[in-house]
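# Examination of the molecular architecture
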Amino acid sequence: MQLSRRQDRRSRSATAAVDRPRHGWQKTTWIWVFLLPTVVLYGLYTIYPIIASYWYSLVEWNGFDSGQKFVGLSNYREVFADPLFWNSFKVTLLFMLLVVPARVLLTLLMAMILNSPKLPLIGVLRSAFFIPVVTTTAIIGVVMRFVLDPASGPVSSVLAKLGFGGVDFLGDQHLALPAAAVLYIWKFFGVTMIYWLAALQTIPYELYEAARIDGAGTWQIFRHITLPMLKPFLIIITVLTIEETFHNFDLMYTLTSGGPYFHTEIIEIYIYRWAFAAPIPQLGHASAAAVVFGLLVAIVGALQLWALYTGRRLRGEQR
């Protein structure tokens, strides 16, 4: 009887060993079947355009003619010799310098306020700050263009009653970029705040309680507990915010279209203008500028990887 049971167990295990590779192969096949539409669409609309842009940057082509004239690095020389390209490069970096410090520090302050468990309606407040994030950026740009209109906008009406009429926030070359930066910070405020909330919740609440029992004040708690514990996240969040500021074409284009007098023309608008808005499109010139811009984003991506590695190492040292 026992011998027959042993033989039955051995036969079952042998059958399972034979069926296991077959079932594993079937699972892998179905995984790829479901992933295939995403892989195909990603390849057609992301990978292929990136590869094609490298080729287009080496040719002279308006996008309509069938013929493409190979010009080598001529497009790159024209891009580097164009003062408007360097102006757009400067505007992009200036916009980053305006946005990143304010966005990182203000969201940290708000996250510390909303991280308090004693705060009433904390869920409602967090949702209120996140509502602009889920709103379409182009719609915000169109609406804010009306709101800031110097002739009929509500902001101008309020300022006129206060004795500050005639302020053209989007038409003044000194105010357009800071106004766009403020709107960008407001639009994506909730994203960075969520990052900080997640980081703050990694700090044990018992540390704050012990510090208060020992008589530590708010500034001392922030300086000696919160800030050291958040240092790894500070690096990661800062690099993520820098990378995000490079992708603000929809907001900037709907707000100012690069004006006035190219004072808000970021690199993305510069590329769009040469590729689609010029009387005779120059896809080669636009592609060369896009490749240079891609290299800049790649450098920021490398910094992001470094930030992730540094953050993990610092968290390991804290443990």
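These notes cover the structure that comes with them.

Definitions and limits used
- Residues numbered from 1 in each chain as written.
- Predicted model: local features only at pLDDT ≥ 70, side-chain atom pairs only at ≥ 80, totals over all residues.
- Heavy atoms only, no water.
- Phe/Tyr/Trp six-rings, centres within 6.5 Å; stacked < 30°, edge-to-face > 60°.
- Helix = DSSP H or I, 4+ residues; strand = E, 2+ residues; numbered from the N terminus.
- Buried < 20%, exposed > 50% of the residue type's maximum accessible area, 1.4 Å probe, protein only.
- Patch = residues over 30% accessible without salt bridge, like charges linked within 9 Å, V, L, I, M, F, W, Y side chains within 5 Å.
- Areas by Shrake-Rupley, 256 points an atom, 1.4 Å probe, with all protein chains shown as cover.
- Salt bridge = Lys/Arg side-chain N within 4 Å of Asp/Glu carboxyl O.
- Axes fitted to C-alpha atoms, helices over the stretch in contact; angles between N-to-C directions.
- Parallel < 35°, antiparallel > 145°, perpendicular 65-115°, else oblique.
- Left-handed = near helix turned anticlockwise from the far one by under 90°.
- Contact = heavy atoms within 4.5 Å.
- Nonpolar A, V, L, I, M, F, W, Y, C, P; charged D, E, K, R; others polar.
- 1 Å grid on protein atoms, 1.4 Å probe; cavity = no way out; pocket = protein on both sides within 12 Å on 5 of 7 lines; lining within 4 Å.
- Points joined across faces, edges and corners; volume = space filled by probe spheres on them.

Right, let's get into the packing of aromatic side chains. Summed over the entire model, instances satisfying the criterion amount to 19 aromatic pairs. With a centroid separation of 5.4 Å and 55 degrees between ring planes, the pair formed by Phe 249 and Tyr 272 is classed as tilted. Remark: Tyr 272 occurs in helix H12 (residues 267-277) and Phe 249 occurs in helix H11 (residues 249-255); sequence separation between them is 23 residues. The exposure class assigned to Tyr 272 is partly exposed, which follows from its relative accessible area of 28%.

Let's shift gears to a nonpolar patch on the surface. Judged by side-chain polarity, Leu 36, Val 40, Leu 41, Leu 44 and Tyr 45 come together as a nonpolar surface patch covering roughly 530 Å² of accessible area. With respect to the helices and strands, the residue Tyr 45 is situated in helix H1 (residues 2-56).

Turning to the packing of helix H3 (residues 83-114) against helix H7 (residues 176-187), a few remarks are in order. Running from N to C, H3 and H7 cross one another at 45 degrees; their axes reach a closest spacing of 10 Å. Between H3 and H7, the interaxial angle falls into the category oblique. In terms of crossing hand, the pair formed by H3 and H7 is right-handed. Contact with H3, carried on its side by Val 91, Leu 94, Phe 95, Leu 98, Val 99, Ala 102 and Arg 103, involves Leu 177, Pro 178, Ala 180, Ala 181, Tyr 184 and Ile 185 of H7 and no other residues of that element. Split by residue class, the contact of H3 with H7 holds 12 nonpolar, no polar and 1 charged.

With that settled, consider the environment of Ser 88. By the element assignment, Ser 88 lies in helix H3. Residues Ser 88 and Ile 266 lie 178 residues apart in sequence; the distance between their C-alpha atoms is 4.6 Å. Apart from the residues lying within four places of it in its own chain, the contact partners of Ser 88 are Glu 265, Ile 266, Ile 267 and Tyr 270.

Tracing the sequence through the fold places Thr 226 in helix H10 (residues 218-245). Among the residues examined, Thr 226 registers a relative accessible area of 2% and is labelled buried. Excluding anything up to four places from it in sequence, Thr 226 contacts Leu 200, Ile 203, Tyr 208 and Ile 221.

A word on unusual backbone geometry. For the bond running from Gly 259 to Pro 260, omega is -5 degrees, close enough to zero to count as cis. Looking at the element boundaries, Pro 260 is found in the loop between H11 and H12. Its identity is not glycine, yet Ser 257 carries a phi of approximately 55 degrees, on the positive side. Within the fold, Ser 257 resides in the loop between H11 and H12. In the Ramachandran plot, Tyr 261 falls in the positive-phi region, its phi being about 55 degrees despite a non-glycine side chain.

Below, the discussion takes up the layout of surface pockets. Roughly 630 Å³ of volume is contained in the largest pocket. Pro 49, Ser 53, Ile 271, Ser 287 and Ala 290 are, among the 22 residues lining the largest pocket, the residues nearest its centre. If you list the elements that add at least two residues to the lining of the largest pocket, you get H1, H12 and helix H13 (283-318). It is H13 that provides the largest number of residues to the lining of the largest pocket, a total of 9 residues. Lining the second largest pocket are 15 residues, and of these Met 112, Ser 116, Tyr 208, Arg 212 and Ile 221 sit closest to its centre. For the lining of the second largest pocket, the element with the highest residue contribution is H10, accounting for 4 residues. The residue makeup of the lining of the second largest pocket, split by class, is 9 nonpolar, 4 polar and 2 charged.

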